[in-house]
Amino acid sequence: MTHPRSGFDPAASSLAGDVAPEVMAELLSVRSSIDNIDATLVYLLAERFKATQRVGHLKAEHDLPAGDPQREAAQIARLRMLAEEAQLDPAFAEKFLNFIISEVIRHHQAISENRRPSAEAPAVPSHGTPTGPGTTGPHA
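Residues numbered from 1 in each chain as written. Predicted model: local features only at pLDDT ≥ 70, side-chain atom pairs only at ≥ 80, totals over all residues. Heavy atoms only, no water.

Some remarks on the side chain of K59
Consideration 1: Structurally, K59 is set in helix 1 (residues 21–61).
Consideration 2: Despite its burial, K59 remains without a salt bridge, the nearest opposite charge being carried by D68 at 5.5 Å.
Consideration 3: K59 has contacts with L64, P65, A66, G67, D68 and H108, leaving out every residue within four places of it along the chain. (Helix = DSSP H or I, 4+ residues; strand = E, 2+ residues; numbered from the N terminus. Buried < 20%, exposed > 50% of the residue type's maximum accessible area, 1.4 Å probe, protein only. Lys, Arg positive; Asp, Glu negative; His and termini not counted. Salt bridge = Lys/Arg side-chain N within 4 Å of Asp/Glu carboxyl O. Contact = heavy atoms within 4.5 Å.)

Structure, rendered in structure tokens:
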């Protein structure tokens, strides 16, 4: 059955008709679990990126660098250890985390760049009071 919102068909397979029905049924059952795990991963990554966006805003507010190499190295070491415990290839886990870290840093850089007032116009918060060095208010 195709999911109405996404158009995703969990029974889609180029193997249909080429394997015994009981094998196909088991394959679809296992794939259903994989689909559920994938959906959970997407939602977990969304929550993770919401948290890292908050970190990015905090760093931008305090002129901190987008990356933190010591933290990143510690996280990679930690994730490799967790991967080993979970019987997941530590090299894969490291590649995965490195990808996430690079995306987080890219987001942090964008947040920082978006907070900087342009040379043409001063930064003005929604309540109409300019912000910048020496000013007070919710954005100072």
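Here the narrative resumes, following the displayed structure.
Topic: the packing of helix 2 (residues 69–85) against helix 3 (residues 90–115)
Consideration 1: For the pair helix 2 and helix 3, the least separation of the axes is 9 Å and the interaxial angle reads 145 degrees. Viewed along their axes, helix 2 and helix 3 form a crossing whose handedness is right-handed. Along its contact with helix 2, which presents E72, Q75, I76, L79, R80, A83 and E84, the element helix 3 presents P90, A91, A93, E94, L97, N98, I101 and I105.
Consideration 2: A breakdown of the residues in the contact of helix 2 with helix 3 according to their chemical character gives nine nonpolar, two polar and four charged. (Axes fitted to C-alpha atoms, helices over the stretch in contact; angles between N-to-C directions. Left-handed = near helix turned anticlockwise from the far one by under 90°. Nonpolar A, V, L, I, M, F, W, Y, C, P; charged D, E, K, R; others polar.)

Things to note about a nonpolar patch on the surface
Consideration 1: Together, L45, L88, F92 and F96 give the surface a local cluster of nonpolar side chains, amounting to about 350 Å² of exposed area.
Consideration 2: Summarising the element assignment, L88 is placed in the loop between helix 2 and helix 3. (Patch = residues over 30% accessible without salt bridge, like charges linked within 9 Å, V, L, I, M, F, W, Y side chains within 5 Å. Areas by Shrake-Rupley, 256 points an atom, 1.4 Å probe, with all protein chains shown as cover.)

Quick notes on the confidence of the model for the protein
Consideration 1: Mean pLDDT over the protein stands at 85; residues scoring 70 or higher make up 80%.
Consideration 2: The low-confidence segment residues 119–140, where pLDDT is below 50, has twelve contacts with residues more than four positions distant or belonging to other chains. (pLDDT = per-residue confidence, 0-100.)

A closer look at the side chain of E72
Consideration 1: Along the chain, E72 falls in helix 2.
Consideration 2: Summary of buried charges: E72 has no salt-bridge partner, and the nearest side chain of opposite charge, K59, is 5.8 Å away.
Consideration 3: Apart from residues no more than four positions distant in its own chain, E72 is found in contact with G67, I101 and I105.

Focus: the packing of helix 1 against helix 3
Consideration 1: The geometry of helix 1 relative to helix 3 is characterised by a closest axis approach of 9 Å and an angle of 40 degrees between their N-to-C directions. As far as their axial angle goes, helix 3 and helix 1 are oblique. The chirality of how helix 1 crosses helix 3 is right-handed. Residue-level inspection shows L45, R48, F49, T52, Q53, V55, G56, H57, K59, A60 and E61 of helix 1 in contact with helix 3, the latter providing F96, L97, I100, E103, V104, H107, H108, I111, S112 and R115. (Parallel < 35°, antiparallel > 145°, perpendicular 65-115°, else oblique.)

Notes on the nonpolar core
The tendency in soluble globular proteins is for nonpolar side chains to be buried as a group.
Consideration 1: Membership of the largest hydrophobic core is limited to five residues, which are A66, I76, L97, I101 and I105.
Consideration 2: The element best represented in this core is helix 3, accounting for three residues.
Consideration 3: Once you skip the residues sitting within four places of it in the chain, A66 turns out to touch K59, I105, H108 and Q109. (Core = buried A, V, L, I, M, F, W, Y, C linked by side-chain atoms within 4.5 Å.)

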